[in-house]
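A structural walkthrough
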Amino acid sequence: MGLIMQNKNSKYGEIQLVHRMTVIKRIIHWSFFAAIINNIITGFYIAYPFLIFGKTPTQADSLSTGVLNSGETYQAFIMTWMREFHFIGAVIIDVIFFVWLYLAFFSWKEPLYKSFIPFGDKLEEAWRMLKHYFTLKDRPKTGRYQDPLNAIIFTLFHLLILLQMLTGFQMYVASFTGTSAVGAWWPWLLHFSTDWTLVVFGGLTGVTLVHLFIMWLIIIFIAYHVYIEVWRSIMWKEGDILIPFGGYKYMRNKSESESDI
Amino acid sequence: MANDNRSNSNGNNSDPDFKWDPLRFISKKPDEVLKKVDDRLDVLEKEYFSDKKDKEENLPNILEIYGVSRRDFLKWTAFLTSALMLPYIFEPRVARAANILTRTPFIWLDMADCMGNTEGFLRTAHPTPAEIILNYVSVNYMESIMAPAGYQAETRRTETVKKYKGKYILVVEGAIPTGMDGKFLTIGAKGDTGLKITKETAKHAGVIIAVGNCAAYGGIPAANPNPTSAVGLSSVTNRSVINIPACPANPVNLVGTLVEYILIGKAPQLDSLGRPLWAYSGRLHDNCYRRGHFEAGEYVRQWGDDGAKKQYCLYMMGCKGPFTWNNCTTAEYNQDISFPMRAGHGCIGCSQPAFWDRMTPFEKPNADAKIIIPGIEATADEFGVGLFAAAGAGIAAHAIYTGVKKKKEHKKSKNEKNDDSGKNDDNKKE
């Protein structure tokens, strides 16, 4: 074992542990993940109710679903539950968004804004990272902090989440009649912050479609995010994929290509 | 917003601070409100009826023609009072207001539309008092039912505007084309544009009501691509307009608004789209009698299937009830007996702005609507799946590219290693 480490050391340089994600951030990451997956599934159901409960014999797709779905209306309430879980997931996402926003500026460990400033330098670094993805050469040395390209993409992703929140709240407040139990400020706040979406996206139906479409962009982000983290782990051999699990990654003072050439 | 002061003209509503909120409570001083309403009704009755006999026999005479009994009329006043969200003490006052309404000077303008609202009110087989009263309002100008024609009709209108300045009720039906200076719509012997007539008539009206979706928001004439640049009434006048949308509008909503105007001389409370809150504050989806089936996941999946026979929810058949605010479910259509969902078809959202563009396709879920991005003819899901597939292809391509490139470099470095293998051996020995 020691020999292997020695060999690797000589080839890739010394391995260093780098602490990248605090426990809080990891909890945020995975609850965000769970809430988003939950909301994608329940959101799909709300858009297209694919499970039809209380089916009549001609509506049942198979014998088993016909048996499963027989019964009284109150026993099913599947749309109620789907919407309930969609709202619960939405609340989690909303809270996480605001926590993320706070941490992006006031995190003790690694506020996101530091990956943007100084703006010019970090943009250039992001551009170099993008080039590295396609040429596999000249990797920018970003082992110790959030790399600017990721920071930009994560920020765009959170803006998508924000738009998703605003359109979602518009659809939510649409069903309010009068004031709410907590007082008139709550519907007022929702109307105040989301009524512009009606004008921009063309009424409540347009808002709904935008909500649906942004979900696809979020799904695409998830695919990109998983792929690029796996890619980095394989290519850089620094265990980037481990960050959200253990909070640590490795850093080598030499990259593979440097050691080779 | 809409409660602009018309005190100089009509009755005794000289107090601009007079608070009128039928949705919550009428006022902090109910006696005062009742007195105000009574005083106003007294003044109006004195103005519009010649004597006591005239006043008392007017409405019975009208109702008798249509075979509506006094009892039916009283039932209707109870219905309208509760629809207006007023306490029952207003019932006799609603009846009085209905009586006065038949004598109030009234101008009905027809602009660009199918006249469906007119038909809806005038052509019912068994009219309710709402339709009868609309039929018998002292119509000074209404192209479809008036006897005068040509220059006579024009004169009638201009005279009414002059004589009853600030008193007459103006109801506009149909969108107003504004393209080419309004020349897409010319009306009457002089060939005046609809735009000009509307502006002139709206200027001195006591209350302005846009009835039907076309008049309220442009409706079908304003549907994309809107070649005539048709707009709703509120876009061409700077006066406040009460919108009574729907296609056609429910007579109850129009008469109720008119009755409320007679009672207090003010527009009712309006929502953000200019609609009276008493009629348009409820979402169809929330008040629908099929809502339980929506929650239970019981949907009609095909016209005429078992679900349809069992009156399951029409969400999958494109019901736009979740996007529509109206009181169809409570004050129903067709002589108050039915509305789309009861008849087995989903709502098409006809009381919402631009419903012809935004609520289509009418018989498919909203998620199946085409998204409005120029050059793309796809639903949100189709476009989303397309983008996702493109992204997936991009990821796969990048992965393959990386693998191939890596292999090449690996080979290259191996060759290099083989070339100077001696050096490596030296290192190992150390």
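Only a predicted model underlies this, so the values are computations on that prediction, with no experimental measurement involved. (Residues numbered from 1 in each chain as written. Chains lettered and ligands numbered in written order. Predicted model: local features only at pLDDT ≥ 70, side-chain atom pairs only at ≥ 80, totals over all residues. Heavy atoms only, no water.)

1. Comments concerning the UniProt feature "binding site: [3Fe-4S] cluster" (unreviewed entry) in chain B
All names here are of chain B. Convention followed: UniProt positions are given in the numbering used here, feature names are shortened, and annotations may be inferred rather than shown by experiment. For helices the rule is a DSSP run of H or I covering at least 4 residues; for strands it is a run of E covering at least 2, with both sets numbered from the N terminus onward. Every residue pair with non-hydrogen atoms within 4.5 Å of one another is taken to be in contact. To sort residues, take the accessible area from a 1.4 Å probe on protein chains only and compare it with the maximum for the residue type: under 20% means buried, over 50% means exposed, and anything in between is partly exposed.
UniProt's entry tags C328, C347 and C350 with the feature "binding site: [3Fe-4S] cluster" (unreviewed entry), counted in the numbering of this structure. In terms of the greatest pairwise C-alpha distance, the residues named above, spread along 23 residues, form a tight cluster of at most 10.9 Å across. Within the fold, C328 resides in the loop between helix 14 (306-309) and helix 15 (333-336). Discounting residues that sit within four places of it in the chain, C328 has contacts with L284, Y333 and F339. Locating C347 in the fold gives a position in the loop between helix 16 (340-343) and helix 17 (355-358). A relative accessible area of 6% means that C347 is categorised as buried. Ignoring sequence-local partners within four residues, the contact set of C347 consists of L284, G318, C319, K320, G321, T324 and M341.

2. Section: the domain arrangement of chain B
A common way to express how large an interface is: the accessible area buried when the components associate. All names here are of chain B. Let me state the cut-off plainly: Note that the domain bounds reflect an automated or database-derived domain assignment. The buried area of a pairing is the accessible area, by a 1.4 Å probe, that goes missing from both parts when the two are put together, added over both. Salt bridges are defined by distance alone: a side-chain nitrogen of Lys or Arg within 4 Å of a carboxyl oxygen of Asp or Glu. Here a polar contact is recorded for every N or O atom pair within 3.5 Å, except that within protein the pair must consist of a potential hydrogen donor and a potential acceptor, and residues adjacent in sequence are included only if both atoms are side-chain atoms. Polarity classes work like this: nonpolar for Ala, Val, Leu, Ile, Met, Phe, Trp, Tyr, Cys and Pro, charged for Asp, Glu, Lys and Arg, and polar for all others, with Gly in that last group.
The domains assigned to chain B are domain 1 (30-279) and domain 2 (283-399). Each of domain 1 and domain 2 has a C-alpha centre, and the two are 33 Å apart. Between domain 1 and domain 2, the residue contacts involve 23 residues of the former and 17 residues of the latter. A buried area of about 1,600 Å², summed over both sides, lies between domain 1 and domain 2, and 55% of it is on carbon and sulfur atoms. Here domain 1 and domain 2 share zero salt bridges between them. Taken together, the connections running from domain 1 to domain 2 amount to nine residue pairs in polar contact (both at pLDDT 80 or more). For the side of domain 1 that touches domain 2, a count of residues per class yields 15 nonpolar, seven polar and one charged.

3. Observations regarding the side chain of A:H132
Mapping A:H132 onto the fold places it in helix 6 (residues 119-135). Among the polar contacts made by the side chain of A:H132, one reaches the side chain of A:W236 at a distance of 3.0 Å.

4. Examining the UniProt feature "transmembrane region" (unreviewed entry) in chain A
Residue and element names in this part refer to chain A. Look at the UniProt record and you will see "transmembrane region" (unreviewed entry) annotated at residues 27-48, 85-105, 149-176 and 196-227. Taken end to end, residues 27-48 is 95% helix and 0% strand, and its two terminal C-alpha atoms sit 31 Å from one another. The span residues 85-105 is 100% helix and 0% strand, and its two end C-alpha atoms sit 31 Å from each other.

5. Remarks on empty space enclosed by the protein
All names here are of chain B. Spelled out, the test is: Two kinds of site are reported from a 1 Å grid over the protein atoms alone, namely cavities, where a 1.4 Å probe fits but cannot get out, and pockets, open sets with protein on both sides within 12 Å along at least five of seven lines, and residues are called lining when an atom falls within 4 Å of a point. Grid points are joined across faces, edges and corners, and a volume is the space filled by probe spheres set on the points.
The final tally for this structure, using the stated rule, is two cavities of 30 Å³ or more. Computed from the structure, the largest cavity encloses a volume of approximately 90 Å³. Together, H285, C288, R290, R291, F294, C313, L314, Y315, C319, P322 and M341 line the largest cavity. Its residues placed into classes, the lining of the largest cavity shows eight nonpolar, one polar and two charged. Estimated volume of the second largest cavity: approximately 50 Å³. Forming the walls of the second largest cavity are F106, W108, F121, L122, L134, N135, V137, V139, M142 and I145. Every element with two or more residues in the lining of the second largest cavity is listed here: strand 1 (106-110), helix 5 (116-122), helix 6 (129-136) and strand 2 (139-142). Taken together, the residues of the lining of the second largest cavity sort by class into nine nonpolar, one polar and no charged.

6. Re the interface of chain B and chain A
In this assembly, 51 residues from chain B lie in contact with 49 residues from chain A. Of the roughly 4,300 Å² buried between chain B and chain A on both sides combined, carbon and sulfur atoms contribute 61%. The interface formed by chain B and chain A holds one salt bridge in total. Across the salt bridge formed by A:R83 and B:E295, the nearest N and O atoms sit 3.9 Å from each other. Here chain B is connected to chain A by 16 residue pairs in polar contact (both at pLDDT 80 or more). Elements supplying a minimum of two residues to the side of chain B that touches chain A: helix 13 (291-295), helix 14 and helix 18 (380-419) of chain B. When residues of the side of chain B that touches chain A are assigned to their parent elements, the largest contribution, 17 residues, is made by helix 18 of chain B. Split by residue class, the side of chain B that touches chain A holds 24 nonpolar, 10 polar and 17 charged.

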